[in-house]
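Now for the letters of each chain:
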Amino acid sequence: MNDQPRRRPAQQPKPHRRPKKDPVRILAFEALRAVDERDAYANLVLPPLLKKARDKGDFDARDAALATELVYGTLRRQGTYDAIIAACVDRPLREVDPPVLDVLALGAHQLLGTRIPTHAAVSASVELARVVLGDGRAKFVNAVLRKVSADDLDGWLERVAPPYDDDAEENLAIVHSHPRWIVSALWDSLGGGRAGIEDLLEADNERPEVTLVARPGRSTPDELLDTLGEDSALPGRWSPYAVRLAEGGEPGAIEAVRDGRAGVQDEGSQLVAIALANAEIEGRDERWLDGCAGPGGKAAMLAALAAQCGATLLASEKQPHRARLVERALAGNPGPYQVIAADGTRPPWLPGSFDRVLMDVPCTGLGALRRRPEARWRRRPDDLEGFAPLQRGLLREALSAVRVGGIVGYATCSPHLAETRVVVEDVLKGRGGQPVEAEWIDVRPLMPGVPALGEGPDVQMWPHLHGTDAMYMALLRRTA
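Reading the values: the criteria
Residues numbered from 1 in each chain as written. Predicted model: local features only at pLDDT ≥ 70, side-chain atom pairs only at ≥ 80, totals over all residues. Heavy atoms only, no water. Phe/Tyr/Trp six-rings, centres within 6.5 Å; stacked < 30°, edge-to-face > 60°. Helix = DSSP H or I, 4+ residues; strand = E, 2+ residues; numbered from the N terminus. Buried < 20%, exposed > 50% of the residue type's maximum accessible area, 1.4 Å probe, protein only. Lys NZ or Arg CZ within 6 Å of the ring centre and 35° of its normal. Disulfide = S-S within 2.5 Å. Core = buried A, V, L, I, M, F, W, Y, C linked by side-chain atoms within 4.5 Å. Contact = heavy atoms within 4.5 Å. Axes fitted to C-alpha atoms, helices over the stretch in contact; angles between N-to-C directions. Parallel < 35°, antiparallel > 145°, perpendicular 65-115°, else oblique. Left-handed = near helix turned anticlockwise from the far one by under 90°. Nonpolar A, V, L, I, M, F, W, Y, C, P; charged D, E, K, R; others polar.

Visitor: Lay out the packing of aromatic side chains with the relevant residues and their values.
Guide: Aromatic rings considered in pairs are described by the distance between their centres and by the relative angle of their planes. All told, the structure shown has two aromatic pairs when counted by the stated rule. With a centroid separation of 6.3 Å and an interplanar angle of 70°, the aromatic rings of Tyr410 and Tyr472 are classed as edge-to-face. With Tyr410 in strand 9 (residues 402–412) and Tyr472 in strand 12 (residues 472–478), the pair connects residues that are 62 residues apart, well separated along the chain. The class of Tyr472 is buried, set by a relative accessible area of 2%. Note that Arg159 overlies the ring of Trp156, its terminal NZ or CZ placed 3.9 Å from the centroid. One residue, Arg378, lies across the ring of Tyr41, its end atom 4.9 Å from the ring centre.

Printed below as a string of structure tokens:
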């Protein structure tokens, strides 16, 4: 009898398993890294990545839709997800490498913002981490996301957001994923109580409709609707030239868009151009100016409207590459126009040269957070100070460029009071310069059928009230 203890068989090492590559999530991760590393915008980064994936045969329409949802959903809810992830890690978020945070945020969005089953969301995120980060960091991702998966979004918000009654702005900032200073600024601009600001913040987190403009004299909304069919498009809500695409519609596949007879343009932007063109004017009406014309959407609309009444448009854009975009947008316009690269604060034209002038000034872009959700995390309150002198300078030059009796439209895609009414009032009262002799024109009658435009004479549009970007417009008539 053998009294020797039996030896256990040597434990075989686990075979190395290659991580499964998921093209959809890898693409979404690459897009988020580009947004973070290069300060790129998702709406510019994502389309070429999707095209490349389709060309390789890796993607179908459902894959593209999922990748788009993962990128935009993660960016829109970044503030909320950061607060939740911070509660699940043992170090400050600033000490977690940005690529790891991107994978965690993608996983959090799948767990809390989509209908993807919990086990699939966690396992897919861990596999993504193994591919792009390595096995060690994948274990960290797995541990954190398992903590995140322990509760749903509502449960997490109760834990990480302060009660509304204790700190309303911080509650709204975390629940609706906006920086606190933007919540405060939007609330000041909007006025009113809790319901209105919550509706606005929720609208900022929704996917915006794709809206087309049928450029006057070159196409009509009926033509676009007939081409697209009632299942694929609807008439615009407010602009007589607008057509709204159904979800998933591809503007680039529409012939009228490819040849420039139609374009992609938010209805708020269309209404600004229409209001300037339709404002009553006495005497000469032959020369129009778009003083900040890039990338060309409003300029194309103005050029078409000017052609209908025998006027000529000069489209000026400071940046040469953006001036080329304006030229492309205006190509084929039925009437005369000219595109130049010029600085609107040091203009080459003589004072009093124009009958109508549009100045759609550079701004923080807080009115387009639906379309560029990453902008909310990049902007800082001191950005307003950087834009302020430029905005006032451009408006002063616009009022100098128009003749007595002519009309200036001041527009900006921001509802921040420091970029809207305050700018106009400062210029008219001569703060920082000489006073300007001009009178307000009520914009509201020039936007017939559009509700909730405020007390006038200027107007502020809102995503939650009008389904548009938060465009602002003031109209001024030079009186001396």
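Back to the write-up after that little detour.
Visitor: Can you break down the state of the cysteines residue by residue, with the values?
Guide: By the definition in use, this model includes zero disulfides. Here Cys413 is not cross-linked by a disulfide; its sulfur's nearest cysteine counterpart is in Cys363, at 5.8 Å. A relative accessible area of 16% means that Cys413 is categorised as buried.

Visitor: Could you give an account of the nonpolar core, naming the residues involved and the relevant values?
Guide: Counting residues in each nonpolar core, the largest one holds 55 residues, and the members touching the most others are Phe59, Val71, Ile85, Leu104, Val141 and Val148. Looking at this core, the elements with two or more residues in it are helix 1 (23–38), helix 2 (42–56), helix 3 (61–76), helix 4 (78–86), helix 5 (98–112), helix 6 (118–132), helix 7 (135–148) and helix 8 (153–160). For this core, the leading source of residues is helix 1, giving nine residues. When near neighbours in sequence (up to four residues on either side) are disregarded, Val148 contacts Ile84, Cys88, Leu111, Leu112 and Trp156. Ala300, Leu446, Met471 and Met473 belong to the second-largest nonpolar core, a separate cluster that totals 44 residues.

Visitor: Kindly report on the packing of helix 10 (residues 180–190) against helix 11 (residues 194–204), identifying the contributing residues and their values.
Guide: Between helix 10 and helix 11, the least distance of the axes is 10 Å, while the angle of their chain directions is 125°. Looking at the two axes, helix 10 sits oblique to helix 11. Handedness of the crossing formed by helix 10 with helix 11: right-handed. Residues Val183, Leu186, Trp187 and Leu190 of helix 10 lie in contact with helix 11, whose contacting residues are Arg194, Gly196, Ile197, Leu200, Leu201 and Asp204. Here the contact of helix 10 with helix 11 is composed, by residue class, of seven nonpolar, one polar and two charged.

From the geometry alone we can't say anything about function, so treat these as descriptive.
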